[in-house]
Amino acid sequence: MIELRGLTKHFGATAAVEDLSFTVQPGHVTGFLGPNGAGKSTTMRMILGLDRPTSGVALVNGKPYAELTNPLRQVGALLDARWVHPNRSARAHLQWMAASNGIPKSRVDEVLRLVGLSEVAGKQAGGFSLGMSQRLGLAGALLGDPQVLLFDEPVNGLDPEGIVWIRKFMQRLAAEGRTVLVSSHLLSEMAQTAEHLVVIGRGRLISDSTVGEFIERS
Ligand code: ADP
Ligand code: ADP
């Protein structure tokens, strides 16, 4: 589960995230909707301990990220800007991630299979298409078999097949009982992906309901 309590982040005079409180439950995909600049990435970065809140807390399974034992086993993320060494193979990249997080090497081939990259595992990640890079990012997120998964605008720039593939993958993860939070600036995309929807604007909470209820009200 993810729980935000009064989460706030100011960058100088910019209130990127302002007093945000909501919880994300397991078992269904939760969409995180808002226009560009609404504060979605900043919120996700705070959940992942990459940005420090100005005030308030973001909890994963009841604890701030910094206090999680073995964080990769509790929360995985597919963020917009991932960095993969271009000259490293997909497998080498994941092996390095596994080794630095105490995850057994055998898990690498398992996640490569889950995301459909087994065939190209030995190829340099620098030559991957966006769709393949996304799958590699996803493989990294799944390495620790975490119960909580965050996706920041995962379908941006993907072709229709790639969009459907990642949508179904997220829905399957949620159906397995995981907590899945996915951001988007498109209601149409969220309507097809998520069951629950948290909407923000200018860093503030606008709505927290089922997708159906939100569409009826708007
Ligand atoms: P979204 O992901 O919804 O597009 P962001 O979280 O990226 O929104 O940005 C929210 C606001 O915070 C924007 O006004 C953005 O310009 C600002 N912002 C984000 N990161 C920084 C940063 N590192 N320094 C200054 N301002 C930032
Ligand atoms: P498998 O049966 O593929 O060896 P498991 O027995 O560990 O894998 O998991 C059972 C189900 O969960 C399978 O559908 C598998 O694809 C899926 N699964 C396993 N680990 C993950 C993960 N980290 N993320 C998403 N799905 C996973």
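Residues numbered from 1 in each chain as written. Chains lettered and ligands numbered in written order. Predicted model: local features only at pLDDT ≥ 70, side-chain atom pairs only at ≥ 80, totals over all residues. Heavy atoms only, no water.

**A few points about the site of ligand 2**
Threshold: Any residue with at least one heavy atom within 4 Å of a molecule or strand is counted as near it. We define a polar contact as two N or O atoms separated by no more than 3.5 Å, with the added condition that, inside protein, one atom must be a possible hydrogen donor and the other a possible acceptor, whereas residues neighbouring each other in sequence contribute only through side-chain atom pairs. Method for areas: the Shrake-Rupley scheme with a 1.4 Å probe, in which residue coverage is limited to the protein chains shown. Secondary structure elements follow DSSP: runs of H or I no shorter than four residues count as helices, runs of E no shorter than two count as strands, and numbering proceeds from the N terminus.
In the vicinity of ligand 2, the contacting residues are Arg107, Arg113, Leu114, Leu142, Asp145, Arg172, Leu173, Glu176 and Arg178. At 2.5 Å, a side-chain N or O of Arg107 approaches a nitrogen atom of ligand 2. One of the backbone N or O atoms of Leu142 is found 3.4 Å from a nitrogen atom in ligand 2. Within the complex, the protein chains bury 57% of what would otherwise be the 510 Å² of accessible surface of ligand 2. For the shell around ligand 2, the elements supplying multiple residues, two or more each, are helix H3 (106–114) and helix H5 (160–175).

**Focus on the nonpolar core**
Nonpolar side chains in soluble globular proteins tend to be buried together. Rules: What we call a nonpolar core is a set of buried Ala, Val, Leu, Ile, Met, Phe, Trp, Tyr and Cys residues that are connected through their side-chain atoms within 4.5 Å. Relative accessibility decides the category of a residue: with a 1.4 Å probe and only protein chains considered, values under 20% of the type maximum give buried, values over 50% give exposed, and everything between is partly exposed. Note on contacts: a residue pair is in contact if any heavy atoms of the two residues lie within 4.5 Å.
Counting residues in hydrophobic clusters, the biggest one holds 43 residues, and the most contacted among them are Leu94, Leu136, Leu142, Leu143 and Phe151. With 6 residues, H5 is the single largest residue contributor to this core. Each residue touching Leu143, except ones within four places of it in the same chain, is listed here: Leu94, Met97, Ala98, Ile103, Arg107, Val108 and Val111. Judged by nonpolar contacts, the second largest core, of 24 residues, contains Leu4, Leu7, Ala38 and Ala58.

**Observations regarding the sheet that holds strand E1 (residues 2–11)**
The line we're drawing: Strand pairing is defined by DSSP finding a minimum of two bridges between the two strands.
Strand order in this open sheet of 4 strands is E2-E1-E4-E5, and the pairing throughout is antiparallel. Of all strands in the sheet, those with a lone pairing partner are strand E2 (14–24) and strand E5 (63–64), marking the two edges. Here E1 runs beside E2; their pairing, made up of 7 bridges, is antiparallel. Paired with Ile2 across the bridge in E2 is Val24.

**Some details on the sheet that holds strand E9 (residues 196–201)**
We count it as follows: Helix axes are fitted to C-alpha atoms over the stretch in contact, other axes to C-alpha atoms as well, and angles between N-to-C directions run from 0 to 180 degrees.
Overall, mixed pairing links the 6 strands, which are arranged E6-E7-E8-E3-E9-E10 in an open sheet. The open sheet is flanked by strand E6 (75–78) and strand E10 (204–210), the only strands paired with a single partner. Across the sheet, the mean angle from the axis of one strand to that of its neighbour is 15 degrees, orientation sign disregarded. Direction of pairing for E9 relative to E10: antiparallel, over a ladder of 6 bridges. Counterpart to Ile200 in the pairing with E10 is Leu205. The strands that helix H1 (residues 40–47) touches are strand E3 (29–33), strand E7 (148–152), strand E8 (179–184) and E9; relative to E8, the one it contacts most, it runs at about 150 degrees. Against the sheet, helix H4 (residues 130–142) makes contact with E6 and E7, and its axis sits at roughly 170 degrees relative to E6, the strand it touches most.

**A look at the environment of Leu197**
Secondary-structure assignment places Leu197 in strand E9. Taking the C-alpha atoms as reference points, Leu197 and Leu187, separated by 10 residues in sequence, lie 9.5 Å from one another. When neighbours within four sequence positions are excluded, Leu197 is seen to be in contact with Gly31, Phe32, Leu33, Leu187, Met190, Ser207, Asp208, Ser209, Thr210, Val211 and Phe214.

**Observations concerning the confidence of the model for the protein**
Rules: Values of pLDDT, which run from 0 to 100, indicate the predictor's confidence residue by residue.
Counting all residues, the mean pLDDT for the protein is 95, and 98% of those residues have values of 70 or more. Per the prediction output, this complex has pTM 0.88; the corresponding ipTM is 0.75.

**Things to note about the environment of Ser184**
Relative to the assigned elements, Ser184 resides in strand E8. The class for Ser184 is buried, based on a relative accessible area of 4%. Considering only alpha carbons, one finds Ser184 and Asn36, 148 residues apart in sequence, at a separation of 8.8 Å. In contact with Ser184, not counting residues within four places along its chain, are Phe32, Leu33, Gly34, Lys40, Glu153, Glu189 and Met190. Among the polar contacts listed, one links the side chain of Ser184 to the backbone nitrogen of Leu186, at a separation of 2.9 Å.

**Some words on the layout of surface pockets**
To keep things clear, this is the line we draw: The pocket and cavity definitions rest on a 1 Å grid over protein atoms only: a 1.4 Å probe that fits but cannot leave marks a cavity, an open set with protein on both sides within 12 Å along at least five of seven lines marks a pocket, and residues lining either have an atom within 4 Å of a point. Grid points are joined across faces, edges and corners, and a volume is the space filled by probe spheres set on the points. Ten residue types, Ala, Val, Leu, Ile, Met, Phe, Trp, Tyr, Cys and Pro, are classed as nonpolar, four, Asp, Glu, Lys and Arg, as charged, and the remainder, Gly among them, as polar.
Space inside the second largest pocket adds up to approximately 180 Å³. If you trace the second largest pocket, you find it lined by Met46, Gly49, Asp51, Arg52, Pro53, Gly56, Val57, Ala58, Pro64, Tyr65 and Ala66. With 3 residues, the single largest contributor to the lining of the second largest pocket is strand E4 (residues 55–60). Across the lining of the second largest pocket, the residue classes break down as 7 nonpolar, 2 polar and 2 charged.

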